[in-house]
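The lines below spell out each chain.
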Amino acid sequence: MPTAAGRPMVGSRWLAAIAELDDDGLAGLLARRPDVVASRPQSLDQVAARIVTSESAKFFYDQTDRSTQQFLETLCALGPSTLPALAGALGCGPGELSPLVENLRAAGMVLVDADGAHANPGLAGAVPFPCHLGPPAAGLLGRLANSELAQIAAHLGLSASGAKAELVRRVARGISEAERIRGLMDNAPAGTSELVASAAHEWPQFQLSNGTTHAAHQQHSAPEWCLRHGLLVTTGWGTAVMPREAALALRGGRLFSSFQPGPPVVNTRPVDPDQVDRSAAEAALRLIADVESICETWSTAPAKMLRNGGIGTREIRRAAKLIGRDEPATARLVELAGAAGLVGINEESETASPTAGYDSWAVTGSAARWSVLASAWLNACFEVGLAGTQDEDGNQVPPLAVGLEPGQLVRRALLLDLMAQHQGEALAPASAEAVVVWRRPPAWAADAGETRQIIYSLLEEARMTGVATRLADQYALSGPGRLLVEGDVEGAKKYLASLTPPMVDEVVLQADFTATVAGEPAPALRAELDLMADVESTGHATVWRISEATVRRAFDAGKDAGQVLGFLRQHAAHGVPQPLSYLVEDMGRRHGRVRTGPAACFVRSDAQALLS
């Protein structure tokens, strides 16, 4: 009923509660409900009006933890209740709920008065089926005709006589008796037990493909049996819902199978930070080297794209052989390179090759190159680990064709924040799963197996990028990874630089035509060596091998023998070995020259044996 000012009574109660807050209380309320002030309300009236909207209530509900959600759903299901009544329904002590209630009061989600706690009115629209329970039986059954109620009563083994109000009460009482329901189900059609269990424990509403009228006339079907016995009641042409009393009876009166006021306990074990950081640094260096190897290869021979988008299995198999990883890991690495802007797609040629961003990335130090890749993973709005897996049809998901999944940002942040809170400790995936799902249930898949796979994939991605390290079957955040998660990119780069070999500008040349750099080569040194030699091994020292083919490649790029030898003498720690000087000078004399001579005759035949 509107008040004299034209404001709903519900809104006026919440306005009165807000008006009683002091400055700190109002600031705390708005901090907990940022959506309320997003469009700059002009008065407390507007604040109160927005707080009780279903949109604002749902925003808060979706951002909060599982225990808070369960408490709010319980309050919606029971209506205004005292703290002892709510504690009894949830199976805990009133004292355990007190901190939770105070937090919700401060957030404007619960109002407490002499009648008990009241739920924010917006929750009615935000949570249509609190505790996964349907509406009360009285409201659902009251919509049915007397003849329908009489038939349901008869099927339940109850008297079918009496006025409508009496029939409604009788049927509601009948479907609230668990033993009666289970006894009747002994003779129910196949699939009824599964249907009833799903409605009672998972979700109360069902979509019937052929409409409820058609389902009601399908003899010996599970939906038809449930409709005849009042375990499902029609709510529309194609929908039916289980009454609240029936679900509670089958649950044994429990609103939830379990409730805990606080977060699950995290199972961790201490780790050696130095070991974690060393392992992470090795993973980071390998990541950089592998991305560089693929990009350099694709710069001369771009990877062909599939007709439907993405890079096919054949190209990934070649890249995997090149870098020594398996195909799924290689696909994830290519996906990451794409996210970092190092690999792009040429629509005209339908190929993938390095971008201009790769050219500038390749001449920076290892720590800077790592931060680009790790930051790209941290901020990716899609599931990097999806590349290389199989889709529902059994086909491999190609990299550079993975669709957007904004929820992955939230999932990644939840997992990494948890690991950051346990720096110096390793977490088991199962323990991490329990905590992050409790903290933000809507962010994760409804299927527990799918959620478990997502978490494992995220942990493996963190390991691949050097953000985390795997120790046996547990994962720990690395020092650079922690700084990156906290937003300190420069600090993360400095930390990684302290773990990797120092940057050097000297090379050791050997008579067997190898060039070794003990540490991280300076960008200019690495660029020149990559031009005139092939990388043979990487790690704390990088080894290149010089050959006639690689020297010819340098000459083809515009170098001459004097320039090549001059560069080598400038950077060689112990001089240029004589055999290497002879090789370069000899190639310089022969490069670019053409020799002609007479050809007197030729032999032609289609038979290889005859030619031999």
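In this text the structure is predicted, and so the values were computed from the model without any measurement. (Residues numbered from 1 in each chain as written. Predicted model: local features only at pLDDT ≥ 70, side-chain atom pairs only at ≥ 80, totals over all residues. Heavy atoms only, no water.)

Draft legend 1. Looking closely at helix H6 (residues 83–90). Burial in H6 covers these residues: Leu86, Ala87 and Leu90. Taken around the axis of H6, the buried residues stretch over an arc of 100 degrees, which confines them to a single face. With respect to the buried face of H6, the exposed residues turned more than 90 degrees away are Pro84 and Gly88. Contacts made by the buried residues of H6 are with helix H5 (66–78), helix H7 (94–106) and strand S2 (116–119). Once H6 ends, the next one or two residues include glycine 91, with phi positive near 75 degrees. (Buried < 20%, exposed > 50% of the residue type's maximum accessible area, 1.4 Å probe, protein only. Helix = DSSP H or I, 4+ residues; strand = E, 2+ residues; numbered from the N terminus. Arc of directions from axis to C-beta. Contact = heavy atoms within 4.5 Å.)

Draft legend 2. Layout of the pattern of salt bridges. In total, this model carries 26 salt bridges according to the counting rule given. Note that glutamate 73 and arginine 66 form a salt bridge whose closest N and O atoms lie 3.4 Å from each other. By relative accessible area, which is 3% here, glutamate 73 ends up buried. For arginine 470, the salt bridge identified is with glutamate 460, shortest N-O distance 2.8 Å. One end of the pair, arginine 470, is in strand S11 (residues 468–471); the other, glutamate 460, is in helix H24 (residues 448–465), and ten residues separate them in sequence. Look at arginine 470 and you get partly exposed, because its relative accessible area is 36%. When salt bridges that share partners are traced, they join Glu548, Asp586, Arg589 and Arg590 into one network. (Salt bridge = Lys/Arg side-chain N within 4 Å of Asp/Glu carboxyl O.)

Draft legend 3. Representation of the sheet that holds strand S7 (residues 303–304) within the structure. A sheet is described by the order of its strands in space; here three strands give the open sequence S7-S9-S8, paired in antiparallel fashion. Edge positions in the sheet fall to S7 and strand S8 (343–346), since each has one partner strand and no second. Bridge analysis of S8 against strand S9 (residues 351–354) gives four bridges, and the strand direction is antiparallel. Bridge assignment links glycine 344 to a residue of S9, and that residue is serine 353. Contacts from helix H17 (residues 273–300) reach S7, S8 and S9 within the one sheet, and its direction differs from that of S9 by about 120 degrees. (Pairing = 2+ DSSP bridges. Axes fitted to C-alpha atoms, helices over the stretch in contact; angles between N-to-C directions.)

Draft legend 4. Broad picture of the environment of alanine 515. With respect to the secondary-structure elements, alanine 515 resides in strand S15 (residues 514–518). Since its relative accessible area comes to 0%, alanine 515 is described here as buried. Measuring from C-alpha to C-alpha, the distance between alanine 515 and glycine 424 comes to 39 Å, with 91 residues separating the pair along the chain. Apart from residues no more than four positions distant in its own chain, alanine 515 is found in contact with Val507, Val508, Leu509, Leu529, Thr542, Val543 and Trp544.

Draft legend 5. How the structure looks around the environment of alanine 178. With respect to the helices, strands and loops of the structure, alanine 178 is situated in helix H12 (residues 178–185). Note: C-alpha distance between alanine 178 and arginine 50 (128 residues apart in sequence) is 42 Å.

Draft legend 6. Spotlight on the side chain of aspartate 290. Within the secondary structure, aspartate 290 sits in helix H17. There is a polar contact of 2.6 Å between the side chain of aspartate 290 and the side chain of arginine 325. (Polar contact = N/O pair within 3.5 Å; in protein donor to acceptor, adjacent residues only side chain to side chain.)

Draft legend 7. Representation of the nonpolar core. Counting residues in each nonpolar core, the largest one holds 66 residues, and the members touching the most others are Val291, Ile311, Trp370, Leu373 and Val467. The leading source of residues in this core is H17, at eight residues. The residues contacting valine 467, other than those within four sequence positions of it, are Trp370, Ala374, Trp377, Leu416, Ala462, Leu477, Ser478, Gly481 and Leu484. Membership of the second largest hydrophobic core comes to 64 residues, among which are Val101, Val168, Val196 and Ala247. (Core = buried A, V, L, I, M, F, W, Y, C linked by side-chain atoms within 4.5 Å.)

Draft legend 8. Inspection of unusual backbone geometry at higher detail. Despite not being glycine, histidine 132 has its phi angle at roughly 60 degrees, a positive value. Here histidine 132 lies in the loop between helix H8 (123–126) and helix H9 (137–141). Here the phi dihedral of leucine 400 falls at roughly 65 degrees; this positive angle occurs in a residue that is not glycine. As for its placement among the helices and strands, leucine 400 is situated in the loop between helix H21 (366–378) and helix H22 (407–421). Note on leucine 400: relative accessible area 18%, which makes it buried.

Draft legend 9. Structural view of the confidence of the model for the chain. Predicted confidence across the chain gives a mean pLDDT of 89, with 96% of residues reaching 70 or more. Segment residues 1–9: pLDDT under 50, and nine contacts once partners within four positions in sequence are set aside and those in other chains are kept. Here residues 211–216 scores under 50 on pLDDT; set against residues more than four positions off or in separate chains, the count is 17 contacts. (pLDDT = per-residue confidence, 0-100.)

Draft legend 10. Region of interest: the sheet that holds strand S4 (residues 233–234). Spatial strand order, S3-S5-S4: three strands in an open sheet with antiparallel pairing. Every other strand in the sheet has two partners, leaving strand S3 (205–207) and S4 as the edge strands with one partner each. Bridge count for S3 against strand S5 (residues 239–241) is three bridges, and the pairing is antiparallel. Note on S5: the bridge partner recorded for phenylalanine 206 is alanine 240.

Draft legend 11. Quick peek at the packing of aromatic side chains. Across all of its chains, the model carries two aromatic pairs by this definition. Measuring from ring centre to ring centre gives 5.2 Å for phenylalanine 129 and tryptophan 203, while their planes differ by 90 degrees; the resulting arrangement is edge-to-face. Linking phenylalanine 129 in the loop between H8 and H9 with tryptophan 203 in the loop between helix H13 (192–201) and S3, this pair joins segments that are 74 residues apart in sequence. With relative accessibility at 37%, the residue tryptophan 203 sits in the partly exposed group. Pairing tyrosine 358 with tryptophan 361 gives two aromatic rings, centres 5.7 Å apart and planes at 35 degrees, and the pair type is tilted. Separated by three residues within a single helix, tyrosine 358 and tryptophan 361 lie in helix H20 (residues 356–362), roughly one turn from each other. Both residues of the pair, tyrosine 358 and tryptophan 361, count as buried. Over the ring of tryptophan 361 we find arginine 369, and its NZ or CZ is 5.5 Å from the ring centre. Between the NZ or CZ atom of arginine 412 and the centre of the ring of tryptophan 377, over which it lies, the distance is 5.3 Å. (Phe/Tyr/Trp six-rings, centres within 6.5 Å; stacked < 30°, edge-to-face > 60°. Lys NZ or Arg CZ within 6 Å of the ring centre and 35° of its normal.)

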